[in-house]
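As a plain string of letters, each chain reads:
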Amino acid sequence: PPEEKPAFGYDPGAIDWWEYWINIHIPALRRWCYPLIEGRAPETRAAREFHLPEPSRAAAAASTASLSEAAPRSKATWPSS
């Protein structure tokens, strides 16, 4: 709904859905889901470290200013494997 657009902060029309389905979703299904459906174990790999960025002063002030405002976007990252 239009009234929810500010809360989520992105435009789904800007997503390259072909890129997502072909290069992200389908390969993930092949790697993680299809083996389970076929009765095989999925691939295993070492866990990756998760890093949260240090909050900036602006982000800290914004998060305490009002709970009704949209939260700042996370910049959390996983190092490439």
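Because the structure is a prediction, the values reported are computed rather than measured.

The rules behind the values
Residues numbered from 1 in each chain as written. Predicted model: local features only at pLDDT ≥ 70, side-chain atom pairs only at ≥ 80, totals over all residues. Heavy atoms only, no water. Phe/Tyr/Trp six-rings, centres within 6.5 Å; stacked < 30°, edge-to-face > 60°. Helix = DSSP H or I, 4+ residues; strand = E, 2+ residues; numbered from the N terminus. Buried < 20%, exposed > 50% of the residue type's maximum accessible area, 1.4 Å probe, protein only. pLDDT = per-residue confidence, 0-100. Salt bridge = Lys/Arg side-chain N within 4 Å of Asp/Glu carboxyl O. Patch = residues over 30% accessible without salt bridge, like charges linked within 9 Å, V, L, I, M, F, W, Y side chains within 5 Å. Areas by Shrake-Rupley, 256 points an atom, 1.4 Å probe, with all protein chains shown as cover. Expected span 1.5 Å × (residues − 1). Bend = angle between axes of the 7 residues up to and from the residue.

Attention now moves to the packing of aromatic side chains. Taken as a whole and assessed by the stated rule, the structure comprises two aromatic pairs. Both rings, one in tryptophan 17 and one in tyrosine 20, keep their centres 5.9 Å apart while their planes meet at 85°; by these two values the pair is edge-to-face. Of this pair, tryptophan 17 and tyrosine 20 both sit in helix α2 (residues 17-37), three residues apart, which is roughly one turn of the helix. A relative accessible area of 42% means that tryptophan 17 is categorised as partly exposed. Judged by centre distance (5.5 Å) and plane angle (75°), the rings of tyrosine 20 and tryptophan 21 are edge-to-face. Overall, tryptophan 21 belongs to the partly exposed group, its relative accessible area being 40%.

Before going further, it helps to spend a moment on the confidence of the model for the protein. Taken residue by residue, the protein gives an average pLDDT of 78. The fraction at 70 or more is 70%. Ranking the elements of the protein by mean pLDDT puts helix α3 (residues 57-65) last with 64 and α2 first with 93.

Glancing now at the pattern of salt bridges. Within the structure shown, the criterion is met by two salt bridges. Of the charged contacts in the structure, one is a salt bridge between arginine 31 and glutamate 43, with a shortest N-O distance of 3.1 Å. Note that arginine 31 is positioned in helix α2 and glutamate 43 in the loop between α2 and α3, a separation of 12 residues in sequence. We classify glutamate 43 as partly exposed; its relative accessible area is 45%. The shortest N-O distance in the salt bridge between glutamate 38 and arginine 40 comes to 2.6 Å. Look at arginine 40 and you get partly exposed, because its relative accessible area is 46%.

A grouping of Phe8, Tyr10, Ile15, Trp17, Trp18, Trp21 and Ile22 is seen on the molecular surface, where their side chains present a nonpolar patch of about 820 Å² in accessible area. In terms of residue count, the dominant contributor to the nonpolar patch is α2 (four residues). Residue position: phenylalanine 8 is located in helix α1 (residues 5-8). A relative accessible area of 54% places phenylalanine 8 in the exposed class.

The end-to-end C-alpha separation of α2 is 25 Å, well short of the 30 Å expected for 21 residues at 1.5 Å each. At arginine 30, α2 shows its strongest bend, of approximately 40°. Looking one or two places after α2, you find glycine 39, whose phi comes out positive at around 80°.

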